[in-house]
Amino acid sequence: MNVTSADGTSIAYERRGAGAPVILVGGAFNDRTTVAGLAEVLAGDFTTIAYDRRGRGSSGDAGTYAIEREIEDIAALIAEAGGTASVFGHSSGAVLALEAAAAGLPIEKLVAYEPPYATPEHPRADVVEKVRAQLAAGDRDGAVATFLMVAGTPAEMVEGMKAAPVWGWFTALAHTLPYDLAICGPGARPRADHLARISVPALVIGGGASPEELQSGARVAAALVPGARHETLEGQDHGVLQYPESLRDLLVGFLK
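From a predicted model like this one, the values you see are computed outputs, not experimental measurements.

Draft legend 1. Fine view of the overall build of the protein. Scanning the protein from terminus to terminus reveals 11 helices and eight strands. Relative to the globule expectation of 18 Å for 256 residues, the C-alpha radius of gyration of the protein, 17 Å, shows essentially globular dimensions. With the C-alpha coordinates aligned to their principal axes, the bounding extent of the protein is approximately 45 × 40 × 35 Å. Here the analysis covers contacts within the protein between residues at least 6 apart in sequence; of these, 73% occur between residues at least 24 apart.

The structure is reproduced here in structure tokens:
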């Protein structure tokens, strides 16, 4: 199925289940297939909407990127779902979900899993111009490596990943990395004034097995969103979408 966003871009999505709608927003290197497992897990309690963010999968794109266009994409999906919906976001998709709520979209409840915000103790380099330059030069491998390393992946692990099948998935989506970097903002510093505008019930989750910089980013987000609840999901890390059943009880308990 498809919905048309405000700028005319076609956004592809899949709907499962029945009940109150929940829109699932993936992060970098994600399309609707990477949140499909969570969509299936939640489909017994909710109508789940998994979609291809613009520039990915079967969705279209525009010549010029702005985070406002992605917020409009979520708005179009909410309208398609009936006018209101809850939203779950993972990683940079969690930042996008937070920004959508800050923009005043008709969101019922909001869940953000490990928004990758930098903190004073764990700063992040601003690499958006470097990644854009690498992509302009046709260096998708370099763009992916730069993104992964600024996200905290050790260089030796990145080198090992280049020989794995997943590397082809990463490079195929490399053109969308500037989108995720733009969503997170310069140096991935949280936009405190934006987060302070959020007035809907919010749950921010960190994985108990995640590196401290990801756990600290989740704590910062929870502290900046008025009334937000923070939870640690023990035994899980940033790859939680590979184990969607681990999220079920926490999400159903909050979103119901």
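Draft legend 2. Quick look at the pattern of salt bridges. The tally for this structure, following the rule as stated, stands at 18 salt bridges. One salt bridge connects R56 with D180, and the closest N-O pair in it is separated by 2.9 Å. Here the residue R56 occupies a position in the loop between β4 (47-51) and α2 (67-81), and D180 occupies one in helix α8 (residues 177-184), the gap between them amounting to 124 residues. Taking the shortest distance from any N to any O, the salt bridge between E231 and R229 comes out at 3.0 Å. Since its relative accessible area comes to 33%, R229 is described here as partly exposed. The network of salt bridges with common partners includes E14, R16, R32, E40 and D52.

Draft legend 3. Focus on the packing of α2 against helix α3 (residues 92-102). Packing of α2 against α3 leaves a shortest axis separation of 10 Å and a crossing angle of 80°. Considering their axes alone, α2 and α3 lie roughly perpendicular with respect to each other. For the pair α2 and α3, the contacting residues are I67, E70, I71 and I74 in the first and L96, E99 and A100 in the second. For the contact of α2 with α3, the class distribution of residues is five nonpolar, no polar and two charged.

Draft legend 4. Structural detail: the packing of α3 against α8. Where α3 meets α8, the axes come as close as 9 Å, and the angle between the chain directions of the two elements is 50°. When the axes of α3 and α8 are compared, the pair comes out oblique. Seen along the crossing, α3 lies across α8 with a hand that is left-handed. Contacts between α3 and α8 pair S92, V95 and L96 from the former with D180, I183 and C184 from the latter. For the contact of α3 with α8, the class distribution of residues is four nonpolar, one polar and one charged.

Draft legend 5. Highlighting the side chain of Q236. The topology assignment puts Q236 in the loop between β8 (229-233) and α11 (245-255). Look past the residues within four positions of Q236 in its chain and what remains in contact with it is Y113, G207, G208, A209, S210, Y243 and S246.

Draft legend 6. Up close: the packing of aromatic side chains. Applying the stated rule across the entire model yields four aromatic pairs. Considering the side-chain rings of Y65 and Y179, the 4.1 Å spacing of their centres and the 5° angle between planes classify their relative orientation as stacked. Here the residue Y65 occupies a position in the loop between β4 and α2, and Y179 occupies one in helix α8, the gap between them amounting to 114 residues. Judged by centre distance (6.3 Å) and plane angle (65°), the rings of W167 and F170 are edge-to-face. Of this pair, W167 and F170 are both found in helix α7 (residues 166-172), three residues apart, which corresponds to roughly one turn of the helix. The same class applies to W167 and to F170, which are both buried.

Cut-off values and rules
- Residues numbered from 1 in each chain as written.
- Predicted model: local features only at pLDDT ≥ 70, side-chain atom pairs only at ≥ 80, totals over all residues.
- Heavy atoms only, no water.
- Helix = DSSP H or I, 4+ residues; strand = E, 2+ residues; numbered from the N terminus.
- Rg over C-alpha atoms; globule rule 2.2 N^0.38 Å.
- Contact = heavy atoms within 4.5 Å.
- Salt bridge = Lys/Arg side-chain N within 4 Å of Asp/Glu carboxyl O.
- Buried < 20%, exposed > 50% of the residue type's maximum accessible area, 1.4 Å probe, protein only.
- Axes fitted to C-alpha atoms, helices over the stretch in contact; angles between N-to-C directions.
- Parallel < 35°, antiparallel > 145°, perpendicular 65-115°, else oblique.
- Nonpolar A, V, L, I, M, F, W, Y, C, P; charged D, E, K, R; others polar.
- Left-handed = near helix turned anticlockwise from the far one by under 90°.
- Phe/Tyr/Trp six-rings, centres within 6.5 Å; stacked < 30°, edge-to-face > 60°.

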